Structure formats: structure tokens, C-alpha cells
Number of protein chains: 2
Amino acid sequence: MKRTALIMAGGKGERFWPRSRVSLPKQFLSLTDDGKTMIQLTVERISPIVDITDVYIATNKNYKELVKQQLPGIPEENILCEPVGRNTAPCIGLGAAHIARKYDDAAMIVLASDHLIKNNEIFTETFKEACDVAEKGANLVTIGITPNYPETGYGYIKYDGSSRDGNAFQVEKFVEKPVLEVAKEYLADGHYLWNSGMFVWKVSTILDNFKKLLPESYEALMKIKDSVGGSNEEAVLNTEFMNLEAESVDYAIMEKADNIYILPGNFGWDDIGSWLAVGRIKKTDEDNNVVNGNVVAVNTKNCVIEGGEKLIATVGLRDMVVVDTPDATLISTKENAGEIKKVLAALRESGRNKYL
Amino acid sequence: MKRTALIMAGGKGERFWPRSRVSLPKQFLSLTDDGKTMIQLTVERISPIVDITDVYIATNKNYKELVKQQLPGIPEENILCEPVGRNTAPCIGLGAAHIARKYDDAAMIVLASDHLIKNNEIFTETFKEACDVAEKGANLVTIGITPNYPETGYGYIKYDGSSRDGNAFQVEKFVEKPVLEVAKEYLADGHYLWNSGMFVWKVSTILDNFKKLLPESYEALMKIKDSVGGSNEEAVLNTEFMNLEAESVDYAIMEKADNIYILPGNFGWDDIGSWLAVGRIKKTDEDNNVVNGNVVAVNTKNCVIEGGEKLIATVGLRDMVVVDTPDATLISTKENAGEIKKVLAALRESGRNKYL
């Protein structure tokens, strides 16, 4: 069966400000040492499984030019622009409609555009097997990440260890982000995986699930599908997209469907949720700093310092993040990095929108 | 008697990097809220006592243009350029030689160009009285600062409380920078003042002291004096300045002379030794931050943030100094601000001299 991929790239990613901006979100930034952007790495990673002409990018029209620049191999008609961001179910439905227009049926891999994978070989093996499982009849397949600490920021998926097919297990239940005590229990239990938001299914199957669980959305998707390539494509999309249920695919479909399989992903996954992650993924110096650009770091330890041409001199810093860009510099403790959103709120309030 | 002043302005002040540079040291910076530079404030402060045409600036030729720009009222012939910096005794001798060339005798006030005074009225009263004491026959007069904590970074002067003339007391001895325990004893004793490096004497008297204590220097000073205004002035200065003993006036004269008086200075003196002082002297916000420029400070307390046009966003900072300039940004803890010199050393070592 033909194997295709939908890469979701509509996110705005405020947590990498000031490097990320409304006009240049995280997926279009390079956050690793190799200089490639997150979305370029994602497309490259899936290339052993999916032809580049079968990779679809779901984004919005503000980012279409960025996608074209960074991914010149993707056919323009595969760049799907959502009229507005309405969560993952409409995004995935739009992708499925386009793929269904092109192929009678196909396997469909759904990925985020801004996650990091350390071992691409294991990633490939895992997704090939997930395609196999989906192609031979599982309703829906998801990839769960084997947890190595009791993270409270992710949802978990419990699998039934007694019901396996190769490396795939039947899903028992989806659970919300737990408190720490509960997360520790999940970790100890051994049958809970992190919900990573990566999926594999047949296009026909996911559309069947829409039909069953979100019938109005299904009708809208069929109209969108029929319009693809026609003169009224944009008009139909603009109208029908608003008729799609604005929910996450987890809530609207995965948690309600039966016969779901999960494969544990042990390929070194990181969603790079903030500048702190950069300290984990980039090379560090002898003082455990990540330092790039024109920097002099004196008595500075456990810091992320992302400079550029301008000289950044640090003295006595511990566990901090410094990010310099041509028009703005962020200086934050690692502990309080989550409060970057308050900076953005203050900028909005004071009318300094050019920095957003 | 005519009253004159010598303002010493040859210092390089690395501790205010990156705002201060080799080409723009501290005395030419504005570090207060009123926007005036330190040397402008110094000249303004002495103006109730000394005519502007009797104010002399000792500096070096690299800073002559800065002095002319910032102090257009000072006659150009009063800007004395030391061929090289050789400590305070040669600097003061040079000033005395020039004043002696102009006046048969005069009172001579010696001030640093980069100290802050909070109460100018008390300053004026104190220096008027110091002039009176010098003019009526004290050998040398110095101004000591009444200490309010056991500072270990300054020398102290002990006075004889039983021997007074108005507010002036006879000096008993000069003592070096003490360790903390000793500084505490000085504070408890009540007869120790900080050595501020501010002096008042007659020109004739200071030259007599040179003659007695540094006879070779005196000879050189007389040659310099005779050359002032002549065609060979620069040549004589370049030759004879090297014959001056390269010592501090404290060590070479004050500590060896007799009949020295000291006036306690209670006018709110601060030598603004580092960026930390800016936190004491500038207006603070409700979180005890000094914030200037294009800044967004989130959850930031007890910090000095000196920005400019570029946006500086801080998150979670405590007790830090952030100074942004067009080509360099300093980020330092207050505790480690003394290590700024290591930044400058690193810049020299790596050949990044344009930032010095």
C-alpha cells in the first residue's frame, strides 16, 4: 500500500521567543547543531518510508512561503493551508481528504513538525511496523513514548500487555496529564506510554472514524475532497473548514474508538518544549553551557547562551537562558522560562507588536 | 586668595564596561538620572567656589576632545594632557605648576572627576571651610568621608579629636585598606574617616612639599612651569613628566608631611566603583530595580537594567546587572560584578579589541 505522511506545521510556538516570532515559529527554526530546521529534519526523517511527493504539510497561509523555501521538494499542492487553526482533528481531516483525492487508499503517517528524534534508524523501523499494523487491519495506530521519568506535562496511554502483535499492543485507555504522584505510579506500572501525538492509519480508516464519530465533519471533509484541484477549491475550504468540529483528534476520535494499537517509541523523542530543551540536545562545554555566537562566558555554568554577531558577556551566571537576536534579547532563569509568555503579554499590552 | 581647582580625569574605569570603554571612560558617562556626565557634575559642583576659567582638568590627549565637548566653558589651556598616566603625585604637580604660572599664589582644590555627591550645599560649605583652613596656614588639608559601614576597600585617616579648628581636625595618621575586623574597630572608634582623595592647599604650599619630599620632581615641575605658554611647552612636558616620581600623592606627600588637617565630609559621597552603585543612586521601581531603556522585566527584582533601543526582556532575575550597548551586552550577577575585568582580559586574549 502507498505510504503517505501529513506533517502538522501550523503552531506558533511562543516558548522560543525571541528567536521564534509570530512570523517565524519554532518548526521553521534550527534548534540543533546541524543547522537544519525542525521541519526539514522531520521531512528528512520520514523519507525512508514516504516519497517526498507524498508528504503533505498542514499549515496556514502565513507560513506557506516558509514551507516552500525550506522544503523545495514538496509539491505546492501538498502544502495545505488551514483557513484558521482549529485543533488537530480538522487538520488531520483536511490531510486525509487530500490524500483520499489522490489515492483510492493509502497508509497515512501523522507527525508534528517540531519534535526532535535522536535515533532515526529506530524511528524508521517503528513507523514501518506501525504502517504494517495499520495496513493489515488495526483501526488506528499511535506511537507512545516509553517514559523515563514521571513527566506531568504529557497525557499517557495505557496498553494491554497481554494483547500484542509484534511490537504493537492494544490500547486500554487514554489518560489526561497526571499529578506527580500518579505519574510516578504510571512509571512504576510499566504499561503507560507518553501520548506523543504521532499516528498511523489508513486514509480510508480515519475517514470511517470521522464518519462514525463526527458525521458533520465527515460531510464537510467529503465536500473539501471533491473540490481539490477544482476552481472552487479555496471557496469550499473556507466554508467547509468552519463546519469541522474544532477538537483534538485524541479527544474526538482516539479516546472514543476501538481496536487501537500502540507501538512503544524508543527512538529518543523530545518535543523541545522550551529553551531548556536546547541544553539537553546541543553540545555543551566543560561548564555544561550551550554557547553559540559571539560570547564571553566568565564563571558561568549550566546556561544556554544563544548569541549572534553582537557580543554577549556573562559573569557569574547559573542555570540561565540568554537568547540574543538583532532586535531583542531574552535573559531568563531556566526555572522561570515558562514565564516568557508574560513578556509577550506585556509587549502586546504596550503596543510593541513588532517584537511578537 | 584666588581659589582654583584641579579635576583629575585620566582614569580608564573598566568597571563600567560595556558602557565605559577605553575611548569613553566613566568620568565622561552619565550614570545618574539627570543625564549629566560625571565630569560635568563635578565642574558644576565646584562652581560656587571656583570660576570656570580657574578650573583645570588633568587628563590625557586621548580624552582632550571629550573634555572640550563636555565642558565648553573650560579654557583650552586649562586642559592639561599628561603624556602618560603616572599616578596622582605627577598629576597634581602638573596642575600646581600651571596654576603657579598663572597666579603668584592661590588656593587649589583637588577632586576626582568621577565621584558622586548627594548634597551639593554641604559640599560647598565643606570646601569653603577647607579653603579657609588652607589659606590661613595649614600645610595640607584633606577631606575625609564619615564612614557609615566598615568598608574594606578604602584607606582610612585617623584624626586627633582634641586638636580642632572649626570643623577641621589635625590628622594623626593615614592607614591602608583594613581587613573587616579592623574596619569595624575604626568605625567604633569614631576618629577614622575614609580617604576620599580630595584635597585643598595653597599652590605655594604643595610645591614646597614637593621641594622638601620629592626634590627631583620639584625641579622637573619648575621646568614645566617655566615652559607653560612657550613654544617648547609640549617638548618640556614630554621630557620632564618622566622625571616625576610615579607615586600617589597620599604615599609620596600626605603620609610624610606634618601639620595636615582633615574635614569630615558629610555630603553623601559615593565613588561609584561599579554597576552596583547605580542601584544605589538611580531611581528604583517597586521591585527595587533600576530600569532604563526598552525593557520588559517579568518577575525581576533588585536588578540594574540599563538598556537602549534594543528590547531587553528579563524573566526571573534577582540581584543582577544587565547593560546593553549597541555592540555588546553585559549580563552579570551583582555578587560577581568584580569579575567584569575577566571579560576584558578574555576579549584582549581573543583579539576582540574593538569591544575594549
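Residues numbered from 1 in each chain as written. Chains lettered and ligands numbered in written order. Predicted model: local features only at pLDDT ≥ 70, side-chain atom pairs only at ≥ 80, totals over all residues. Heavy atoms only, no water.

A.B. asks: How should I be thinking about the pairing of strand β2 (residues 55–60) of chain A in this particular structure?
C.D. replies: Consecutive side chains of a regular strand alternate in pointing toward one face of the sheet and then the other. All names here are of chain A. Along β2, 6 of the 6 residues are buried, which leaves the element largely enclosed by surrounding structure. With 4 bridges joining them, strand β1 (residues 3–8) and β2 adopt parallel strand pairing. Looking across to β2, one finds that methionine 8 is bridged to alanine 58. Assessed by its sense of winding, the connection that carries the chain from β1 through helix α1 (residues 38–46) to β2 is right-handed. Relative to strand β3 (residues 79–82), β2 runs parallel, the two being bridged by 4 bridges. Considered in β3, the bridge of isoleucine 57 is made with isoleucine 79. (Buried < 20%, exposed > 50% of the residue type's maximum accessible area, 1.4 Å probe, protein only. Helix = DSSP H or I, 4+ residues; strand = E, 2+ residues; numbered from the N terminus. Pairing = 2+ DSSP bridges. Right-handed = clockwise from strand over helix to strand, strands pointing away.)

A.B. asks: Sorry if this is basic, but what is going on with the confidence of the model for chain A here?
C.D. replies: Caution applies to low-pLDDT parts of the model: their predicted coordinates are not meant to be read in detail. Taken as a whole, chain A shows an average pLDDT of 96; of its residues, 100% reach a score of 70 or greater. As scored by the predictor, the complex reaches a pTM of 0.87 and an ipTM of 0.87. (pLDDT = per-residue confidence, 0-100.)

A.B. asks: Could you clarify how one ought to interpret the interface of chain A and chain B in this entry?
C.D. replies: Quoted interface sizes are often the accessible area lost when the parts come together. Counting residues at the interface gives 36 residues for chain A and 36 residues for chain B. Broken down residue by residue, the surface that chain A buries against chain B is led by Lys310(A), Val315(A) and Ile331(A), which jointly contribute 25%. Along the contact surface separating chain A from chain B lie 2 salt bridges. For Asp324(A), the salt bridge identified is with Lys310(B), shortest N-O distance 2.7 Å. Applying the counting criterion to the chain A and chain B interface returns 22 residue pairs in polar contact (both at pLDDT 80 or more). (Contact = heavy atoms within 4.5 Å. Buried area = accessible area lost by both parts, 1.4 Å probe. Salt bridge = Lys/Arg side-chain N within 4 Å of Asp/Glu carboxyl O. Polar contact = N/O pair within 3.5 Å; in protein donor to acceptor, adjacent residues only side chain to side chain.)

A.B. asks: What is the right way to look at the nonpolar core in this model?
C.D. replies: Burial of nonpolar side chains together is a common tendency in soluble globular proteins. Residues and elements named next belong to chain A. With 46 residues, the main nonpolar core has Leu6, Ile92, Met108, Trp201 and Ile206 as its most contacted residues. A per-element tally of this core places helix α3 (residues 88–102) first, with 7 residues. Those residues in contact with isoleucine 206 that lie beyond four places of it in its chain are Ile92, Ala96, Met108, Leu140, Trp201 and Ile253. (Core = buried A, V, L, I, M, F, W, Y, C linked by side-chain atoms within 4.5 Å.)

A.B. asks: Any chance you could explain the relation of the copies chain A and chain B here in plain terms?
C.D. replies: What connects the two chain copies is a rotation about an axis and a shift along it. Least-squares fitting of chain A to chain B yields an RMSD of 0.0 Å, with the transformation described by 0.0 Å of translation along the axis and a rotation of 180°. Both chain copies can therefore be described as sitting about a two-fold axis. Judged by C-alpha distance, Ile331(A) is the residue of chain A that lies nearest the rotation axis, at 4.2 Å. (Least-squares fit on C-alpha atoms with pLDDT ≥ 70 in both.)

A.B. asks: How should I be thinking about the packing of aromatic side chains in this particular structure?
C.D. replies: All names here are of chain B. Applying the stated criterion across every chain yields a total of 26 aromatic pairs over all chains. Plain terms: the ring middles of tyrosine 186 and tyrosine 192 are 4.0 Å apart, the flat faces sit at 15° to each other, and that makes the pair stacked. Just as tyrosine 186 is buried, tyrosine 192 falls in that class too. Seen in terms of ring centroids, tryptophan 194 and tryptophan 269 are 6.2 Å apart; in terms of plane orientation they differ by 50°. Their pairing is tilted. Residue tryptophan 194 is located in strand β9 (residues 192–202), and its partner tryptophan 269 is located in strand β11 (residues 269–270); the two are separated by 75 residues in the primary sequence. (Phe/Tyr/Trp six-rings, centres within 6.5 Å; stacked < 30°, edge-to-face > 60°.)

A.B. asks: What's the story with unusual backbone geometry in this structure? I'm lost.
C.D. replies: Comment: phi is negative for the bulk of residues other than glycine, and the bulk of peptide bonds are trans. Residue and element names in this part refer to chain A. Tryptophan 17 connects to proline 18 through a cis peptide bond whose omega is 5°. Relative to the elements of secondary structure, proline 18 occurs in the loop between β1 and α1. Despite not being glycine, asparagine 302 shows a phi value in the positive range, around 55°. Residue placement: asparagine 302 occurs in the loop between β13 (295–298) and β14 (304–306). Of note, aspartate 319 is a non-glycine position whose phi angle comes to about 50°, a positive value. Note on placement: aspartate 319 falls in the loop between β15 (311–315) and β16 (320–324). According to the relative accessible area criterion, aspartate 319 is partly exposed, its value standing at 38%.

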